[in-house]
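Listed below are the residues making up each chain.
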Amino acid sequence: MDNEKVFAMKFSKVYPLLVAKAERKGRTQDEVDTLICWLTGYTKEQLSQQLQKGADYRTFFAEAPEMNPHCHLITGSVCGIKVQEIKEPLMQKIRYLDKLVDELAKGKPIEKIMR
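Residues numbered from 1 in each chain as written. Predicted model: local features only at pLDDT ≥ 70, side-chain atom pairs only at ≥ 80, totals over all residues. Heavy atoms only, no water.

1. Here's the deal with the pattern of salt bridges
Tallied over the full model, the rule gives 7 salt bridges. With a closest N to O distance of 2.5 Å, E4 and R58 form a salt bridge. Within this pair, whereas E4 is found in helix α1 (residues 3-7), its partner R58 is found in helix α5 (residues 57-62), the two being separated by 54 residues in sequence. Given a relative accessible area of 37%, R58 falls into the partly exposed group. Here E63 makes a salt bridge to K53, at a shortest N to O gap of 2.6 Å. Of the two residues, E63 is situated in the loop between α5 and β1 (77-78) and K53 in helix α4 (residues 44-53); the sequence distance between them amounts to 10 residues. (Salt bridge = Lys/Arg side-chain N within 4 Å of Asp/Glu carboxyl O. Helix = DSSP H or I, 4+ residues; strand = E, 2+ residues; numbered from the N terminus. Buried < 20%, exposed > 50% of the residue type's maximum accessible area, 1.4 Å probe, protein only.)

Dropping the structure here:
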């Protein structure tokens, strides 16, 4: 899938998939929300507003109050691609989020995920 198609995806369509992935492994929607807010600087209310208005990935990350200054510490692979080596900034942010939810689903304590 090319990057533009990913960037145009509605975050409100992807969000339930992220939550479902975590919940299948015994984690909660609240934990997913906590990670999203930690990464993007959104409050839970602002996150809810973004979901309600149907923001796409590009808008969701463009309107994020402030990316966490420690997000560069997120390392590892998502779909065989190392997140720290992704050159496209928006795709890297999307993959950071994927990696955080992956770590949550694998049972890592939330305190350790939020480096």
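That was the structure; now back to the text.
2. Focus on unusual backbone geometry
Here C79, not a glycine, exhibits a phi torsion of approximately 55 degrees, which is positive. Its location among the elements puts C79 in the loop between β1 and β2 (81-82).

3. Focus on the side chain of D102
Note on placement: D102 falls in helix α6 (residues 89-105). On the basis of relative accessible area, D102 is assigned to the buried category, the value being 12%. In this structure, D102 is in contact with K21 and V78, ignoring residues within four places of it in sequence. (Contact = heavy atoms within 4.5 Å.)

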